[in-house]
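Remarks on the overall topology
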There are 2 protein chains.
Amino acid sequence: MKMAYQRKLDLQNGKIDLTHGSGGRAMVQLIHELFADAFGNEWLAQGNDQAILPPTQGRLAIATDSHVISPLFFPGGNIGSLAVHGTVNDLAMGGAIPQYLSVGFILEEGLPLSQLAEIVRSMGEAAKAVGIAIVTGDTKVVEKGKGDGIFISTTGVGYVPDGVNLSGDQAQVGDVILVSGTMGDHGMAIMSQRQNLGFESNICSDSASLHELSAALVKHVPSLRLMRDPTRGGLATTLNEIAHQSAVGMSLSESAIPVNPSVRAACELLGLDPLYMANEGKLIAICSAEDADIALNTLQSHPLGKNAAVIGTVVEDPHQFVRVSTDFGGERLLDWLSGDMLPRIC
Amino acid sequence: MKMAYQRKLDLQNGKIDLTHGSGGRAMVQLIHELFADAFGNEWLAQGNDQAILPPTQGRLAIATDSHVISPLFFPGGNIGSLAVHGTVNDLAMGGAIPQYLSVGFILEEGLPLSQLAEIVRSMGEAAKAVGIAIVTGDTKVVEKGKGDGIFISTTGVGYVPDGVNLSGDQAQVGDVILVSGTMGDHGMAIMSQRQNLGFESNICSDSASLHELSAALVKHVPSLRLMRDPTRGGLATTLNEIAHQSAVGMSLSESAIPVNPSVRAACELLGLDPLYMANEGKLIAICSAEDADIALNTLQSHPLGKNAAVIGTVVEDPHQFVRVSTDFGGERLLDWLSGDMLPRIC
């Protein structure tokens, strides 16, 4: 659609107002001058209320996430890149090839257009890097004080190649548990930014798309049972989920779990546990013990997996506990996160 | 996943708190005791971060909507049923068969669990009535004052049968324009509820899923060019969109456009135009003049189309104007909605 506007959007000093969500002229302008430019592809250009796409090549995979992170911008990314990475990762963890993304924006009246433009640009770049097309979307605006800048809901659609069957209920006694890198970076980056804790310079979110890492594991590790990204609730909570789904226990070695030294130091200072802190660019993989080396090598040969490690094994346990042996010869139970260590982390 | 909680959710007096979005135990409980019960299906029960589904039978269709309507409950529905209908309709308007839905909830701390339960129940019922499965979802919680009760983002996925090719750019000069019923009911229902205008009893939202109506048109009207649901911005704005996409003009007869008498009376009282008011259970269809009767009969033989009417024709117009001839022999231009008549209508 071509349309003549009285003036172009003022991306330096303009702000979102309620007309941008009205369905009328102002919304169409926002879509044309901002979204179409950053996301442009043949399907979005159809300009209909739905995208019509080629048939998928296998089983269909769908994942969705709503992003409410505060602050919107943080070391290592912003809510836009995070929204793409998060949903790509949810698809990738199921062994799916991510193909398409839909995006729903909920904007608060008064949001600077400069911030929106930067967020949208980051989304476009993140999607392009993955090779995923943003094919349809929706924009709503709420009154000042009824939102918080911007919330972004992303839904990813892709396909699962034949022969790939991964699920949280596939872990077997004797399997090994790997992580692709250091734990807790995203959570501590947000916390330090939010609380102005002063160690921002060292700690950066790990927000990244894991589709290459997951595809490499699927390709090279015949006994791969499952992958999952330990986001909210961190490693501890995600392993508890898997233990419940698979009806097994888990035994971890604390010293084997990679943690960035500055994250560890910050956690000690604040009395927090990095194993409960969110990650946005790390995965957990579980496979047979025989495939441990090939899985580890596969992870370590990718830049996003260079700090990968085998951190423990799947054990028989009617209580489905996740236990970690400490560096001092003791053992502690890693229970589910029961409170909320850090709200709005993603 | 089975898990023993200290106590069940208190659906009478409980409220949402930040732990319900933490990824930990409270969130899992919310999912199990509320969402799984209302939405239950084999794919949701997989309990992974993505749903893996059978291959689709044709071209893939994706549509998304974020819902921020205020108030949450209104005559004729609530934000939950509206979220299902809205996204089903966006798929259906493209000639797609809706199959799956993903749901992202953004909850405000303090939201009564009783309200959430009612909304979730309505979503489950609306989805069941359509035969669409809610296969995956996400829940986030924001602090009190950073949201407004509940926002719901829904993404629908379906397939387009072979041979169906509908798009906003297909309208041709000489075609007829039909609507499936009265215009403006949803918008006026929300306005009267929000402003306590006192004529609530007569005016009810038309919120409904149009998948049966659209499938009947696809089946019976060989020359069907396109369908679209006139939501935000109403009939006037939606016809302007189509006129631009197809590079045509439109000529409407005001007396032919069905409007509920109580909506018309309320509009006159308030100085509003029903042709700019949102609908959530009505469609516009465009087809050749030869198929006008069969299209009208097809619509009128379904309960949701009993007030359907032919309202105008597609004309040649380099300005791509939408004009309406008034009852008094005059003519007025229906321009795009340029302000925001009623924010947060959906």
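These numbers were taken from a predicted model, which means no experiment stands behind them.

**So, the relation of the copies chain A and chain B**
Of the transformation placing chain A onto chain B, the axial shift is 0.0 Å and the rotation is 180°, giving an RMSD of 0.0 Å. The operation mapping one copy onto its partner corresponds to a two-fold rotation axis. Of every C-alpha in chain A, the one belonging to G147 of chain A sits nearest the axis of rotation, 2.2 Å from it. Both copies present the same face, since 100% of the interface residues in chain A are matched by interface residues at the equivalent positions in chain B.

**Describing helix α4 (residues 185-195) of chain A**
All names here are of chain A. Counting buried positions along α4 yields eight of eleven residues, so the element is predominantly enclosed. Looking at the buried residues of α4, the elements they touch are β3 (73-74), α2 (79-92) and α7 (261-270). Where α4 terminates, the next one or two residues include N196, which has phi positive at roughly 50°.

**So, unusual backbone geometry**
For the peptide bond that leads from S70 of chain A to P71 of chain A, omega is 0°, which places it in the cis range. Topologically, P71 of chain A is positioned in the loop between β2 (59-67) and β3. The phi dihedral of A247 of chain B is positive, around 55°, even though this residue is not glycine. Turning to its location among the elements, A247 of chain B is positioned in the loop between α6 (234-246) and β10 (249-253). For A247 of chain B, a relative accessible area of 48% puts it in the partly exposed group.

**Description of the domain arrangement of chain A**
Residue and element names in this part refer to chain A. If you check the domain split of chain A, you get domain 1 (18-160) and domain 2 (176-333). Centre-to-centre separation of domain 1 and domain 2, based on C-alpha positions: 28 Å. Contacts between the two partners involve 19 residues from domain 1 and, on the opposite side, 20 residues from domain 2. In total, about 1,600 Å² of surface goes out of reach between domain 1 and domain 2, with carbon and sulfur atoms giving 59% of it. One can count zero salt bridges joining domain 1 with domain 2. Summed over the shared surface of domain 1 and domain 2, the number is seven residue pairs in polar contact (both at pLDDT 80 or more). With seven residues, the top contributor of residues to the side of domain 1 that touches domain 2 is α2. A breakdown of the residues in the side of domain 1 that touches domain 2 according to their chemical character gives twelve nonpolar, six polar and one charged.

**Some points on the packing of aromatic side chains**
This model, assessed by the stated rule, comprises seven aromatic pairs over all chains. Taken together, a centroid distance of 4.8 Å and an interplanar angle of 10° make the contact between F35 of chain A and F105 of chain A stacked. You can see F35 of chain A sitting in helix α1 (residues 25-39) and its partner F105 of chain A sitting in strand β5 (residues 97-108), a full 70 residues away along the chain. Taken as a pair, F35 of chain A and F105 of chain A share a single burial class, namely buried. Ring centres of F151 of chain A and F151 of chain B lie 6.3 Å apart, and the angle between their planes is 45°; on these two criteria the pair is classed as tilted. Taken together, the residues F151 of chain A in strand β7 (residues 150-160) and F151 of chain B in strand β7 (residues 150-160) connect one chain to another. By relative accessible area, which is 1% here, F151 of chain B ends up buried. Ring pairs connect the aromatic residues F35, F39 and F105 of chain A, which therefore count as one cluster.

**Thoughts on the UniProt feature "domain: PurM-like N-terminal" (unreviewed entry) in chain A**
Per the UniProt record, "domain: PurM-like N-terminal" (unreviewed entry) is annotated on residues 47-160 of chain A. For residues 47-160 of chain A, helix accounts for 28% and strand for 43%, while the C-alpha atoms at its two ends are 28 Å apart.

**Description of the sheet that holds strand β11 (residues 284-287) of chain B**
Residue and element names in this part refer to chain B. Read from one edge to the other, the open sheet built from seven strands follows the order β9-β11-β8-β12-β10-β13-β14, with strand pairing classed as mixed. This sheet does not close on itself; its edge strands, each paired only once, are β9 (226-228) and β14 (331-333). Shown here is a sheet whose adjacent strand axes are inclined to one another by a mean of 25°, direction ignored. Sheet topology note: the β9/β11 ladder contains three bridges and is antiparallel. Counted as the bridge partner of L226 is I286 from β11. Sheet strands touched by α6: β8 (176-179), β9, β10, β11, β12 (309-315) and β13 (322-325). Its angle to β9, the strand with the most contacts, is close to 150°.

**Here we look at the interface of chain A and chain B**
Listed by partner, the interface residues are 79 residues for chain A and 79 residues for chain B. Together chain A and chain B conceal approximately 6,400 Å² of surface at their shared face, both sides included; 56% is due to carbon and sulfur atoms. Of all residues in chain A, L60, I62 and R232 of chain A bury the most surface against chain B, accounting for 11% of the area lost on that side. The tally of links between chain A and chain B comes to seven salt bridges. Linking chain A with chain B are 39 residue pairs in polar contact (both at pLDDT 80 or more), by the criterion used here. Tallied by class, residues from the side of chain A that touches chain B come to 30 nonpolar, 31 polar and 18 charged. With three bridges joining them, strand β1 (residues 51-53) of chain A and strand β2 (residues 59-67) of chain B adopt antiparallel strand pairing. Each residue of the ladder has a partner; that of I52 of chain A, found in β2 of chain B, is A61 of chain B.

**Some details on the side chain of H20 of chain B**
Residue and element names in this part refer to chain B. Looking at where H20 falls in the secondary structure, it is placed in the segment before α1 (25-39). The class for H20 is buried, based on a relative accessible area of 6%. Polar side-chain contacts of H20 include one of 3.0 Å to the backbone nitrogen of D17. Leave out the neighbours within four places in its chain, and H20 touches L9, K15, A26, M27, L30, T139 and V141.

**Topic: the pattern of salt bridges**
If you walk through the whole model with that rule in mind, you get 25 salt bridges over all chains. Measuring nitrogen to oxygen at the nearest pair gives 4.0 Å for the salt bridge that ties K146 of chain A to D148 of chain B. Linking K146 of chain A in the loop between β6 (133-142) and β7 with D148 of chain B in the loop between β6 (133-142) and β7, this pair reaches from one chain into another. In this structure, K282 of chain B and D206 of chain B form a salt bridge, with 3.2 Å as the shortest nitrogen-oxygen distance. Placement of K282 of chain B in the loop between α7 (261-270) and β11 and of D206 of chain B in the loop between α4 (185-195) and α5 (211-220) is noted, with a sequence separation of 76 residues between them. As far as burial versus exposure is concerned, K282 of chain B and D206 of chain B are alike and both buried.

Quick notes on the rules
Residues numbered from 1 in each chain as written. Chains lettered and ligands numbered in written order. Predicted model: local features only at pLDDT ≥ 70, side-chain atom pairs only at ≥ 80, totals over all residues. Heavy atoms only, no water. Least-squares fit on C-alpha atoms with pLDDT ≥ 70 in both. Contact = heavy atoms within 4.5 Å. Buried < 20%, exposed > 50% of the residue type's maximum accessible area, 1.4 Å probe, protein only. Helix = DSSP H or I, 4+ residues; strand = E, 2+ residues; numbered from the N terminus. Domains from an automatic or database assignment. Buried area = accessible area lost by both parts, 1.4 Å probe. Salt bridge = Lys/Arg side-chain N within 4 Å of Asp/Glu carboxyl O. Polar contact = N/O pair within 3.5 Å; in protein donor to acceptor, adjacent residues only side chain to side chain. Nonpolar A, V, L, I, M, F, W, Y, C, P; charged D, E, K, R; others polar. Phe/Tyr/Trp six-rings, centres within 6.5 Å; stacked < 30°, edge-to-face > 60°. UniProt positions renumbered as here; feature names shortened; annotations may be inferred. Pairing = 2+ DSSP bridges. Axes fitted to C-alpha atoms, helices over the stretch in contact; angles between N-to-C directions.

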